[in-house]
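# Tertiary structure, described
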Amino acid sequence: MRIQLLFSTFDAQGVATLEQRLTCFLIDDCVAVDAGSIAIALTDEQRSKVRDIIITHPHLDHIASLPIFIDDLYPTLKEPMRVYATEEVIGLLERDVFNWNVYPRFSDLKNDYGPVMEYVPIPIGKSFPVAHLSAVAVPVNHIVPTIGLVISDGQKSVAFSSDTAETDDFWKIVNEMKGLDALLIETSFPNRMSKLAEVSRHFTPASLNEELKKLTHNGMDIMAVHLKPTYRDEIIEQLSALNIPKLSVMEPGKVYTW
Ligand SMILES: [Zn+2]
Ligand SMILES: [Zn+2]
């Protein structure tokens, strides 16, 4: 399985700063987990392939350019863009984003080939297919309804925490997946901002360290993601001081293969 935290090759500072704030993981060049930077950072080939997008929660950094992406591809889509989310999150996207005020309700629209956008409701705790992959979703602990995911291609499995503070259900499915290859876990704020991390339901390196004690097996790569760009260097320093084997920070733009 190939996973890339999307990051474009534009070197304008504004684009780089914007993209570091946005979350979009691309799996095997065709399935996206979240869509923050999806309209900005895909190559032409990736744009022609991505038709399956999982949305973990409706915060702007995870959906910012989703409406623009669908708009860009609108006339050329020969199949609908499939947006996977829990019923609750689908309701929020329809109410707050694709509501004809902020942007068109693409799920009601067709081009010459047929519907351009289709919601696929995600079940909780049960495996569901996404393109050539299968995924399991569980609620995590964030200030809006949010899911963590374990995604498998039949050979390799990777867990995504999405945005969360301390949680138990996520670790239950992670601990059940004995052959897990990688764990992508958020670390948003440095230790000195633990109050803000607590109220906005995110981890710091210190709280992540506590949380990782819930992991009952090891050996997988642990990749810290969702570092707030303003504090990136400080968070990296504090993460490396934890001396956790196989813990590293996911580099934007780099392709990781498991
Ligand atoms: Zn969030
Ligand atoms: Zn976020």
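Residues numbered from 1 in each chain as written. Chains lettered and ligands numbered in written order. Predicted model: local features only at pLDDT ≥ 70, side-chain atom pairs only at ≥ 80, totals over all residues. Heavy atoms only, no water.

On to the coordination of the zinc ion (ligand 1), then. Taken together, His 57 (NE2), His 59 (ND1), His 142 (NE2) and Asp 163 (OD) make up the protein donors of the zinc ion (ligand 1), found 2.1 to 2.4 Å from the metal. Coordination at the zinc ion (ligand 1) comes from 4 donor atoms whose angles at the metal span 90 to 165 degrees, giving a geometry best classed as irregular. In primary-sequence terms, the residues that donate to the zinc ion (ligand 1) follow H-x1-H-x82-H-x20-D. In this model, the zinc ion (ligand 1) sits 3.5 Å from the zinc ion (ligand 2), the two metals being bridged by Asp 163. Of this pair, His 142 sits in the loop between strand 10 (133–139) and strand 11 (147–152) while Asp 163 sits in the loop between strand 12 (157–160) and helix 7 (169–176), placing them 21 residues apart in sequence. On the accessibility criterion, His 142 (6% relative accessible area) is buried. (Donors = N, O, S within 2.8 Å, 3.2 Å for Na, K, Ca; no water. Tetrahedral: all angles 85-135°; square planar, octahedral: opposite > 155°, others 65-115°. Helix = DSSP H or I, 4+ residues; strand = E, 2+ residues; numbered from the N terminus. Buried < 20%, exposed > 50% of the residue type's maximum accessible area, 1.4 Å probe, protein only.)

This part is about the coordination of the zinc ion (ligand 2). Donor atoms from the polypeptide that bind the zinc ion (ligand 2) are Asp 61 (OD), His 62 (NE2), Asp 163 (OD) and His 226 (NE2), placed at 2.1 Å. Considering all 4 donor atoms around the zinc ion (ligand 2), the spread of angles at the metal, 91 to 165 degrees, places the coordination shape in the irregular class. Judged by its relative accessible area of 2%, Asp 163 falls in the buried class. Classification of His 226 as buried rests on a relative accessible area of 14%.

With respect to topology, 7 strands assemble into an open sheet ordered 8-5-4-3-2-1-16, the strand pairing being mixed. Looking along the sheet, the strands with just one partner apiece sit at the ends: strand 8 (117–121) and strand 16 (255–257). If you compare each strand with its neighbour and ignore which way they point, the axes differ by 25 degrees on average. Packed onto the sheet, helix 5 (residues 66–73) meets strand 4 (52–54), strand 5 (81–85) and strand 8 and runs at close to 160 degrees relative to strand 5. Seen against the sheet, helix 6 (residues 87–96) touches strand 5 and strand 8 and runs at an angle of roughly 150 degrees to strand 8. (Pairing = 2+ DSSP bridges. Axes fitted to C-alpha atoms, helices over the stretch in contact; angles between N-to-C directions. Contact = heavy atoms within 4.5 Å.)

Applying the stated criterion to the full structure yields 12 salt bridges. Residue Arg 2 pairs with Asp 29 through a salt bridge whose shortest N-O separation is 3.1 Å. Within this pair, whereas Arg 2 is found in strand 1 (residues 2–5), its partner Asp 29 is found in the loop between strand 2 (25–27) and strand 3 (31–33), the two being separated by 27 residues in sequence. The partly exposed category is assigned to Arg 2, whose relative accessible area is 35%. Two residues, Glu 234 and Arg 192, come together in a salt bridge whose shortest N-O distance is 2.7 Å. Of this pair, Glu 234 sits in helix 10 (residues 232–240) while Arg 192 sits in the loop between strand 13 (182–186) and helix 8 (194–199), and the two are 42 residues apart along the sequence. (Salt bridge = Lys/Arg side-chain N within 4 Å of Asp/Glu carboxyl O.)

The next subject is helix 6. Listing the buried residues of helix 6 in full gives Val 89, Ile 90, Leu 93 and Glu 94. The arc that holds the buried residues of helix 6, viewed along the axis, is 140 degrees, so those residues lie on one side. For helix 6, the exposed residues set more than 90 degrees away from the buried face come down to Glu 87, Glu 88 and Arg 95. In this fold, the buried residues of helix 6 make contact with helix 4 (60–63), strand 5 and strand 8. (Arc of directions from axis to C-beta.)

Another aspect to go through is the environment of Ser 48. Tracing the backbone shows Ser 48 in helix 3 (residues 44–49). With relative accessibility at 47%, the residue Ser 48 sits in the partly exposed group. With 208 residues separating them in the primary sequence, Ser 48 and Tyr 256 have C-alpha atoms 21 Å apart.

Geometric descriptors of this kind do not, in isolation, establish any biological role.
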